[in-house]
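Commentary on secondary and tertiary structure
Below, each chain spelled out in residue letters.
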Amino acid sequence: MKRITLAFLALILATLPGWASDLNPRDGWAMHRTGKSYDALVADAKTAVKANGLIVVTQAGPTKAAAARGIAIPGNRVIGIFNNDFAVRVLETSTAAMIEAPIRLYVTENEDGTATLSYKLPSHVFAPYMEEGGPALEGIAQELDKKFQMIAETAAN
């Protein structure tokens, strides 16, 4: 009976999903690994967004919904940020580029219980629209790159 129970437990464990590993650096992204917990980093990121003149426009993540289904997954939250000033300025350069707003921060829980704040650089996000948007869009993207860096540094520290 003990052997059957252990075999059954092994079968159940084998069918549980394996979680992807921590994020790794990639082209066009900024990654700020912290010693903070996932919940602390999410809260600090939202505070840093406001302190740097942007607004949290959207939030989404599967962690709480999965928990409600009885599935424990690492913390995972996408936070869309922007503001109306940037929206109007982007639209003056390229209607198509506005599809990229809000630009997202990504907070992920690491295997060791710490959290990472990542994002695609706004200049990378808007790169496909630079021919249409010209130097004005390039300037906006660079301005946003600096804001996102300040947000990340504030949230990470």
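Structure first, text after, so check above.
Because the structure is predicted, anything quoted here is derived from the model rather than measured.

Here we look at the packing of helix α2 (residues 38-51) against helix α6 (residues 130-156)
- Contact pair α2 / α6: the axes reach a minimum separation of 8 Å and the direction vectors enclose 135°. Put simply, α2 runs oblique to α6. α6 is crossed by α2, and the crossing has right-handed handedness. From α2, L41, D44, A45, A48 and V49 reach across to α6, where they touch I151, T154, A155 and A156.
- Here the residues of the contact of α2 with α6 are counted per class, giving seven nonpolar, one polar and one charged.

Considerations on the sheet that holds strand β1 (residues 29-33)
- One open sheet accounts for five strands, arranged β1-β5-β4-β3-β2; its pairing is antiparallel. Both outer strands of the open sheet, β1 and β2 (55-60), are each paired with one neighbouring strand and no more. Recorded for the sheet is a direction-independent mean angle of 20° between the axes of neighbouring strands.
- The sheet contact formed by β1 and strand β5 (residues 115-120) spans five bridges and is antiparallel. Within β5, the residue paired with R33 across the bridge is T116.
- Docked against the sheet, α2 engages β2, β3 (76-82), β4 (103-109) and β5, running at close to 0° with respect to β3.

Calculation rules
- Residues numbered from 1 in each chain as written.
- Predicted model: local features only at pLDDT ≥ 70, side-chain atom pairs only at ≥ 80, totals over all residues.
- Heavy atoms only, no water.
- Axes fitted to C-alpha atoms, helices over the stretch in contact; angles between N-to-C directions.
- Helix = DSSP H or I, 4+ residues; strand = E, 2+ residues; numbered from the N terminus.
- Parallel < 35°, antiparallel > 145°, perpendicular 65-115°, else oblique.
- Left-handed = near helix turned anticlockwise from the far one by under 90°.
- Contact = heavy atoms within 4.5 Å.
- Nonpolar A, V, L, I, M, F, W, Y, C, P; charged D, E, K, R; others polar.
- Pairing = 2+ DSSP bridges.

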